[in-house]
Amino acid sequence: MHYLIIDSGGSKTELAIFSYPSEIPLKTIRSAGFGLPSDSGEIIKELYNLLCEIKKDFALSHIAVNLGGKNTESFSLTLKAVFPDVKIYIFRESDGTAALSLAEKSAEEGEV
């Protein structure tokens, strides 16, 4: 299984797919920023489309997000729409590398 790390702010987003125990991404995608200053509570269409492409190639067990915007609800809704059975963790940007640490911890525990 694979895990997806997303780092998203207002100006850019980076998505990286890993397979435990490797620390080298299998795939990295860079796109526009999806971290928005407000939360509409609606699916983020561009992010949804990127996630659908990832789902075609990778079976994910965990998703961890460092989010720089205030749109946690929209981000979560979008992720769950594409990956309803995947464990999803969303951290505020100020949490730093918490998302990567969580993914690594889950992998070590055999959850990935």
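Residues numbered from 1 in each chain as written. Predicted model: local features only at pLDDT ≥ 70, side-chain atom pairs only at ≥ 80, totals over all residues. Heavy atoms only, no water.

Trainee: So what exactly am I meant to see when it comes to helix H1 (residues 45-57) here?
Mentor: Side chains that are three or four residues apart share a direction in an α-helix, a result of its 3.6 residues per turn. Of the residues making up H1, those classed as buried are Leu47, Leu50, Leu51 and Ile54. The buried side chains of H1 occupy one side of the element, clustering within an arc of 100° when seen end-on. Exposed and facing more than 90 degrees away from the buried side of H1 are Lys45 and Lys56. At its buried positions, H1 is contacted by strand E1 (2-8), strand E2 (12-19), strand E3 (27-32), strand E4 (60-67) and helix H2 (72-82). (Buried < 20%, exposed > 50% of the residue type's maximum accessible area, 1.4 Å probe, protein only. Helix = DSSP H or I, 4+ residues; strand = E, 2+ residues; numbered from the N terminus. Arc of directions from axis to C-beta. Contact = heavy atoms within 4.5 Å.)

Trainee: Looking at this structure, I do not really get the environment of asparagine 66. What am I missing?
Mentor: By secondary structure assignment, the location of asparagine 66 is in strand E4. Remark: the alpha-carbon pair of asparagine 66 and serine 8, spanning 58 residues in sequence, is separated by 6.2 Å.

Trainee: Looking at this model, I keep getting lost on the sheet that holds E3. Mind explaining?
Mentor: Adjacent strands of a sheet pair through backbone hydrogen bonds, lying either parallel or antiparallel. Overall, mixed pairing links the five strands, which are arranged E3-E2-E1-E4-E5 in an open sheet. Both outer strands of the open sheet, E3 and strand E5 (87-92), are each paired with one neighbouring strand and no more. Neighbouring strand axes in the sheet, compared pairwise and without regard to direction, differ in orientation by 15° on average. Seen against the sheet, H1 touches E1, E2, E3 and E4 and runs at an angle of roughly 15° to E2. The sheet strands contacting H2 are E1, E4 and E5, and the helix crosses E5 at an angle near 160°. (Pairing = 2+ DSSP bridges. Axes fitted to C-alpha atoms, helices over the stretch in contact; angles between N-to-C directions.)

Trainee: What is the right way to look at the pairing of E4 in this model?
Mentor: Walk down a regular strand and you will see the side chains alternate between the two sheet faces. The element E4 is extensively covered by neighbouring structure, given that eight of its eight residues are classed as buried. Pairing of E1 with E4 involves seven bridges; the strand directions are parallel. Across the sheet, histidine 2 pairs through a bridge with leucine 60, a residue of E4. Once the chain exits E4 it traverses H2 before rejoining the sheet at E5, and the crossover so formed is right-handed. (Right-handed = clockwise from strand over helix to strand, strands pointing away.)

Trainee: Sorry, what's going on with the pattern of salt bridges here?
Mentor: It is possible for side chains of opposite charge to pair when their charged atoms get near one another. Following the criterion strictly, the structure yields two salt bridges and no others. Linking arginine 30 and glutamate 14 is a salt bridge whose minimum nitrogen-to-oxygen distance equals 3.6 Å. Of this pair, arginine 30 sits in strand E3 while glutamate 14 sits in strand E2, and the two are 16 residues apart along the sequence. Glutamate 14 gets classed as partly exposed once you look at its relative accessible area, which sits at 33%. The salt bridge partner of glutamate 53 is lysine 56, with a shortest N-O separation of 3.0 Å. One end of the pair, glutamate 53, and the other, lysine 56, are both in helix H1, three residues apart, so they sit about a helical turn from each other. Given the relative accessible area of 44%, glutamate 53 is considered partly exposed. (Salt bridge = Lys/Arg side-chain N within 4 Å of Asp/Glu carboxyl O.)

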